[in-house]
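Below, each chain spelled out in residue letters.
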Amino acid sequence: MTTTITGATGIDNIKAATGAVLQVVTANSVTQGTTTSTGFISIGLSATITPFSTSSKIIILASPTVYGDRSANQNNLIKLAIYKGSSILADSETGLRTYDRGADGIQGWGKPAMNYVDSPSTTSATTYTLYGRSTENGITLSWNPSDDGGTHSNITLMEIAG
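If you're wondering where the values come from, they're calculated on a predicted model, not measured in any experiment. Per-chain numbering applies: the sequence of each chain, read as written, is numbered from 1 onward. Per-residue local features are limited, in this predicted model, to residues with pLDDT of at least 70; the limit for side-chain atom pairs, both in listing and counting, is 80 or more; totals at the level of whole chains, interfaces and linings are taken over all residues. Where side-chain values are given, they derive from all heavy atoms of the structure, hydrogens and water being excluded.

(A) Fine view of the overall build of the chain. When helices and strands are counted, the chain shows zero helices and 15 strands. Type-normalised accessible area, obtained with a 1.4 Å probe on protein chains alone, sets the label of each residue: buried when under 20%, exposed when over 50%, and partly exposed for intermediate values. The 162 residues of the chain split such that 42% are buried. At a minimum sequence separation of 6, the contacts of the chain that also span at least 24 residues come to 77%. With residues, only the protein chains shown are counted as cover, and all accessible areas are computed by Shrake-Rupley using a 1.4 Å probe. Carbon and sulfur atoms form 47% of the exposed surface of the chain, whose accessible area is close to 7,900 Å². Numbering of helices and strands runs from the N terminus, with a helix taken as a DSSP run of H or I at least four residues long and a strand as a DSSP run of E at least two residues long. Contacts: residue pairs with any heavy atoms within 4.5 Å of one another.

Spelled out as structure tokens, the structure:
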């Protein structure tokens with residue numbers, strides 16, 4: 001099976017085998033931020049892709065740098081999610097795990113990998129955004145923090161011929 005690509009590339013009627021990578025879009029963010037919200041909010045990392053075909057799949061590969069902090073005992077500090085527009089596609093089931101800092105409370109730090117395969121069924125521009133939230137009151141979620149570790153997050157979108 002093949003997918004015919006027309007129009008947007010300036011080259012018409014290109015045949016691509018099913019499973020072929022048609023395009024790759026990457027975005028990076030170094031913007032820092034924090035929240036104590038227990039509802040999902042954007043953490044400033046998004047990318048937009050315009051699929052060539054309605055039968056294409058979009059592979060989303062995201063790697064945000066995040067940090068959770070709380071001055072009391074709590075196992076799961078934060079959760080992350082991939083959104084398409086205003087709809088949630090996938091979220092982290094267990095949240096970011098923590099380690100004990102003794103009298104200073106607990107913290108969790110990481111660059112978790114988030115992956116999802118979407119079937120957008122459109123040739124219109126489609127935006128994927130990472131969201132995050134605290135798991136309960138009193139927890140601070142930070143993204144791209146400047147201390148101890150990586151200070152950037154990235155997302156890659158790959159269109160795969162359907």
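(B) Focus on the packing of aromatic side chains. Pairing of aromatic rings covers Phe, Tyr and Trp, the last through its six-membered ring, and needs centres within 6.5 Å; plane angles under 30 degrees mean stacked, over 60 mean edge-to-face, and all others mean tilted. Inspection of the entire model under this criterion finds two aromatic pairs. A ring pair is formed by phenylalanine 40 and tyrosine 83, whose centres lie 6.2 Å apart and whose planes are at 70°; its orientation type is edge-to-face. You can see phenylalanine 40 sitting in the loop between strand 4 (33–35) and strand 5 (41–49) and its partner tyrosine 83 sitting in strand 8 (residues 78–84), a full 43 residues away along the chain. Accessibility expressed as a relative area gives 12% for tyrosine 83, which makes it buried. Ring-pair connections join several aromatic residues into one group, and the members of that group are Phe40, Tyr83 and Tyr131. A ring has a charge above it when a Lys NZ or an Arg CZ is no more than 6 Å from the ring centre and no more than 35 degrees off the ring normal. A cation over a ring is seen here: arginine 133 above phenylalanine 40, with NZ or CZ 5.3 Å from the ring centre.

(C) Just the sheet that holds strand 8, in detail. The sheet built from four strands is open, its strands ordered 5-13-8-9 with antiparallel pairing. Single-partner strands in this sheet number two, and they are strand 5 and strand 9 (87–91). Adjacent strand axes in the sheet meet at a mean angle of 25°, parallel and antiparallel pairs treated alike. Two strands make a pair as long as DSSP finds a minimum of two bridges between them. Across seven bridges, the pairing between strand 5 and strand 13 (residues 126–134) is antiparallel. Across the sheet, residue threonine 48 finds its bridge partner in strand 13, namely threonine 127. Note on definitions: angles span 0 to 180 degrees between N-to-C directions of axes, and those axes are lines fitted to C-alpha atoms, for helices only across the stretch in contact.

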